[in-house]
Amino acid sequence: MAASDTASDDSLYPIAVLIDELRNEDVQLRLNSIKKLSTIALALGVERTRSELIPFLTDTIYDEDEVLLALAEQLGNFTPFVGGSEFVHCLLPPLESLATVEETVVRDKAVESLRAIAAQHSITDMESHFVPLVKRLAGGDWFTSRTSACGLFSVCYPRVSVTLKTELRLQFRNLCGDDTPMVRRAAASKIGEFAKAVEVEHLKADIIPMFLNLAQDEQDSVRLLAVEASVAIAGLLPSEDTEQLIMPTVRQAAEDKSWRVRYMVADKFTELQTAVGPEITKTDLVPAFQSLLKDCEAEVRAAAANKVKEFCQNLDPAVRENLIMTNILPSVKELVSDANQHVKSALASVVMGLSPILGKDK
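So, how was this worked out
- Residues numbered from 1 in each chain as written.
- Predicted model: local features only at pLDDT ≥ 70, side-chain atom pairs only at ≥ 80, totals over all residues.
- Heavy atoms only, no water.
- Salt bridge = Lys/Arg side-chain N within 4 Å of Asp/Glu carboxyl O.
- Helix = DSSP H or I, 4+ residues; strand = E, 2+ residues; numbered from the N terminus.
- Phe/Tyr/Trp six-rings, centres within 6.5 Å; stacked < 30°, edge-to-face > 60°.
- Buried < 20%, exposed > 50% of the residue type's maximum accessible area, 1.4 Å probe, protein only.
- Lys NZ or Arg CZ within 6 Å of the ring centre and 35° of its normal.
- Axes fitted to C-alpha atoms, helices over the stretch in contact; angles between N-to-C directions.
- Parallel < 35°, antiparallel > 145°, perpendicular 65-115°, else oblique.
- Left-handed = near helix turned anticlockwise from the far one by under 90°.
- Contact = heavy atoms within 4.5 Å.
- Nonpolar A, V, L, I, M, F, W, Y, C, P; charged D, E, K, R; others polar.
- Expected span 1.5 Å × (residues − 1).
- Patch = residues over 30% accessible without salt bridge, like charges linked within 9 Å, V, L, I, M, F, W, Y side chains within 5 Å.
- Areas by Shrake-Rupley, 256 points an atom, 1.4 Å probe, with all protein chains shown as cover.
- Lys, Arg positive; Asp, Glu negative; His and termini not counted.
- Charge placed at Lys NZ, Arg CZ, Asp CG, Glu CD.
- Disulfide = S-S within 2.5 Å.
- pLDDT = per-residue confidence, 0-100.

## A short note on the pattern of salt bridges
Side chains that carry opposite charge are capable of pairing whenever their charged atoms lie near each other. Applying the stated rule across the entire model yields 19 salt bridges. Notably, a salt bridge pairs R169 with D206, separated by 2.6 Å at the nearest N-O pair. Taken together, the residues span a long stretch of sequence, with R169 in helix 10 (residues 162–176) and D206 in helix 12 (residues 200–215) at a distance of 37 residues. Linking D220 and R260 is a salt bridge whose minimum nitrogen-to-oxygen distance equals 3.5 Å. Of this pair, D220 sits in helix 13 (residues 220–234) while R260 sits in helix 15 (residues 259–267), and the two are 40 residues apart along the sequence. Salt bridges here are not isolated pairs; linked through shared partners, they connect R184, D217 and E218.

Following this line, the structure appears as structure tokens:
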């Protein structure tokens with residue numbers, strides 16, 4: 001009997017060491033212990049992991065950023081160690097704390113882990129545990145928690161009741177109008193994916209007004225993210241709605257006073273082309289592309305030049321040759337003698353791709 005007791009004590013000894021290392025003053029030891037967290041959890045068993053380890057981790061979230069980053073990553077794969085999806089909500093408290101810390105990479109990793117475990121929640125747990133967490137983050141005093149909240153709406157929205165959906169849309173609207181530019185930036189970067197989760201009637205009634213406000217934001221760092229969102233939203237709408245609701249914003253962004261916004265339009269141009277379809281491309285995007293190729297900023301011209309071949313390939317075959325010869329090629333010829341080396345280099349990498357599109361005769 002004594003021998004078997006000793007054996008079990010020996011097997012638990014490394015675990016005791018690992019748990020001590022979690023409290024150690026040496027950062028490297030704490031980091032090593034966090035990386036072996038699954039070993040500790042396996043040794044403790046699911047009940048003790050839920051009742052002792054997770055509360056301990058939640059209480060010790062005042063550490064070096066690299067330790068917190070490792071912890072945020074580990075917790076995203078921790079569902080089996082707390083007893084499976086039935087108990088996955090036990091992981092929310094430490095991840096909620098990590099989603100509010102000052103260091104961006106830690107917050108982003110915590111949000112990534114929260115998004116990963118969201119799908120493992122039952123509908124009941126989603127409504128009673130996950131959505132309240134999203135609301136707390138969205139209503140937090142610190143901008144850090146509000147920026148983190150923006151990335152969680154799309155993963156919980158499709159699986160909750162109509163009443164909660166209404167509340168979530170309202171909270172996302174508040175974040176889009178937040179006083180802090182960092183929060184509006186986060187909302188602008190996530191509005192495209194949230195739009196995909198929302199029902200069509202609410203897309204037009206709720207999401208598009210939020211998008212239009214972000215596209216008019218005083219901060220160019222918010223407006224350029226709205227350009228990215230326009231690609232996602234345009235792909236969800238019929239073409240007449242895209243023309244009416246999205247294209248005025250795209251046209252405006254292509255002429256924005258900030259070169260960074262115009263650069264983003266140029267960079268996302270072929271994605272936008274795919275999203276809006278051939279008719280809008282012909283009427284709206286071709287003129288916008290011409291002006292981007294002639295932009296006063298070399299970075300914008302270079303970004304547009306990079307897209308020449310792909311843009312021309314994606315044009316409607318019925319009008320492709322005519323549009324290239326009449327609208328695109330004159331602008332391309334001007335870039336051949338551009339004063340900026342980067343512009344010429346960007347053009348050189350794609351211009352040969354135009355010859356198969358136009359054929360030998362041209």
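## Some words on the packing of aromatic side chains
Under the definition given, this model contains nine aromatic pairs. For the pair W259 and Y263, a centre-to-centre distance of 6.3 Å together with 80° between the ring planes defines the contact as edge-to-face. Taken together, the residues W259 and Y263, both in helix 15 and four residues apart, mark about one turn of the helix. With relative accessibility at 33%, the residue Y263 sits in the partly exposed group. Following the ring pairs from residue to residue traces out a cluster consisting of F153, Y157, F172 and F194. Its end group placed over the ring of F87, R50 keeps NZ or CZ at 3.6 Å from the ring centre.

## So, the packing of helix 16 (residues 269–276) against helix 17 (residues 278–293)
Two elements in contact, helix 16 and helix 17, have axes separated by 9 Å at closest approach and are oriented at 160°. Put simply, helix 16 runs roughly antiparallel to helix 17. Between helix 16 and helix 17 lies a crossing whose hand is right-handed. Across the interface between the two elements, F269, L272, Q273 and V276 from helix 16 touch P278, I280, T281, L285, A288, F289 and L292 from helix 17. For the contact of helix 16 with helix 17, the per-class residue count stands at nine nonpolar, two polar and no charged.

## Some remarks on helix 6 (residues 104–118)
In this model, helix 6 (15 residues) spans 21 Å end to end at C-alpha, consistent with the 21 Å of a helix rising 1.5 Å per residue. Of the residues making up helix 6, those classed as buried are V106, R107, K109, A110, V111, S113, L114, I117 and A118. Buried residues along helix 6 sit against helix 4 (65–75), helix 5 (92–98), helix 7 (123–138), helix 8 (143–150) and helix 9 (153–156).

## Remarks on a negative patch on the surface
Taken together, the side chains of E64, D65, E66 and E102 define an acidic patch exposed on the protein surface. Along the chain, E102 falls in the loop between helix 5 and helix 6.

## Overview of the packing of helix 14 (residues 239–254) against helix 17
Contact pair helix 14 / helix 17: the axes reach a minimum separation of 11 Å and the direction vectors enclose 5°. Classified by the angle between their axes, helix 14 and helix 17 sit roughly parallel to one another. Along the contact surface, helix 14 presents S239, T242, E243, M247, V250, R251 and A254, while helix 17 presents I280, T283, D284, L285, A288 and L292. Tallied by class, residues from the contact of helix 14 with helix 17 come to seven nonpolar, three polar and three charged.

## Concerning the side chain of R50
If you trace the backbone, R50 turns up in helix 3 (residues 37–59). Among all residues touching R50, those that are not within four sequence positions of it are P55, V82, G83, F87 and C90.

## Structural notes on the state of the cysteines
As enumerated under the stated definition, the model contains zero disulfides in all. Of all cysteine sulfurs in the structure, the one in C176 sits closest to C150, which takes part in no disulfide; the separation is 7.2 Å.

## Observations concerning the confidence of the model for the protein chain
As a note on interpretation, predicted positions should not be read in detail where pLDDT is low. Overall, the predicted model of the protein chain reaches an average pLDDT of 86, with 92% of residues at or above 70. The low-confidence segment residues 1–11, where pLDDT is below 50, has zero contacts with residues more than four positions distant or belonging to other chains.

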